[in-house]
Amino acid sequence: MASSGINAEYMGSSGINAEYMGSSGINAEYMGSRGGRGGSRGGGSGGKGSGSIVGIRSAGFGFIRPRDGGSDVYFHATSCRDIRFDELREGDEVEYEMGEDHRSGKERAIDVRLMN
């Protein structure tokens, strides 16, 4: 049971099945382009987007709520630019580009930068 209030599920093709459940009612699924809820993911593969951090996990990943709506976007700590992952906080406004995870083939935010 996580304390940040996120109900997020990340299922990778490598057999990872980690589920985090909280009480705030937020439901973010990261299923990539081979499934999931569909809809906008902040600009599609290769597109730019902006939004706010809605979940940070000590395991080195988090979720961004796109400003233009759509499903929350997964990002990994290695995607952070100009800021360390452990300096990010829920509510921080960020910019990012959408890209493909080279291991799973799923969409995720890359080049995540804190907005001024």
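A brief structural summary.

What counts as what
- Residues numbered from 1 in each chain as written.
- Predicted model: local features only at pLDDT ≥ 70, side-chain atom pairs only at ≥ 80, totals over all residues.
- Heavy atoms only, no water.
- Helix = DSSP H or I, 4+ residues; strand = E, 2+ residues; numbered from the N terminus.
- Buried < 20%, exposed > 50% of the residue type's maximum accessible area, 1.4 Å probe, protein only.
- Contact = heavy atoms within 4.5 Å.
- Salt bridge = Lys/Arg side-chain N within 4 Å of Asp/Glu carboxyl O.
- Phe/Tyr/Trp six-rings, centres within 6.5 Å; stacked < 30°, edge-to-face > 60°.
- Pairing = 2+ DSSP bridges.

1. Digging into the side chain of Ser52
Logical step 1: With respect to the secondary-structure elements, Ser52 resides in strand S4 (residues 48-57).
Logical step 2: For Ser52, a relative accessible area of 19% translates into the label buried.
Logical step 3: Residues contacting Ser52, with those up to four places away along its chain left out, are Phe63, Ile64, Arg65, Gly91, Asp92 and Glu93.

2. Notes on the pattern of salt bridges
Logical step 1: One pass over the structure, following the stated rule, counts five salt bridges.
Logical step 2: One salt bridge in this structure joins Glu93 and Arg67, with 3.0 Å as the shortest N-O distance. One end of the pair, Glu93, is in strand S8 (residues 93-100); the other, Arg67, is in the loop between strand S5 (61-66) and strand S6 (73-76), and 26 residues separate them in sequence.
Logical step 3: A residue is classified by how much of its surface remains accessible, and Arg67, at 53% relative accessible area, is exposed.
Logical step 4: Note that Asp111 and Arg81 form a salt bridge whose closest N and O atoms lie 3.0 Å from each other. With Asp111 in strand S9 (residues 107-114) and Arg81 in strand S7 (residues 80-81), this pair connects stretches of sequence that are 30 residues apart.

3. Points about unusual backbone geometry
Across residues other than glycine, the phi torsion is negative in most instances, and most of the peptide bonds are trans.
Logical step 1: One non-glycine residue, Asp82, lies in positive phi territory at about 65°.
Logical step 2: Examined against the element boundaries, Asp82 turns out to sit in the loop between S7 and S8.
Logical step 3: Under the relative-accessibility criterion, Asp82 is labelled exposed at 72%.
Logical step 4: The backbone of Asp111 shows a phi angle near 50°, a positive value even though the residue is not glycine.

4. Some thoughts on the packing of aromatic side chains
Any aromatic ring pair is given by two values, namely how distant the centres are and how the planes are angled relative to each other.
Logical step 1: Counted by the stated rule, this structure contains four aromatic pairs.
Logical step 2: Ring centres of Phe63 and Tyr74 lie 6.1 Å apart, and the angle between their planes is 70°; on these two criteria the pair is classed as edge-to-face. Here the residue Phe63 occupies a position in strand S5, and Tyr74 occupies one in strand S6, the gap between them amounting to eleven residues. In terms of burial, Phe63 and Tyr74 fall into one category: buried.
Logical step 3: Grouping aromatic residues by their ring pairs yields a cluster made of Phe61, Phe63 and Tyr74.

5. Digging into the pairing of S5
Logical step 1: Judged by how many residues are buried, S5 sits mostly within the fold: five of six residues are covered.
Logical step 2: The hairpin formed by S4 and S5 contains three residues between the paired strands, and Gly60 there has a positive phi angle of roughly 100°.
Logical step 3: One ladder, built from four bridges, connects S5 with S6; its direction is antiparallel. Bridge pairing in S6 links Phe63 to Tyr74.
Logical step 4: The hairpin formed by S5 and S6 contains six residues between the paired strands, and Gly69 there has a positive phi angle of roughly 90°.

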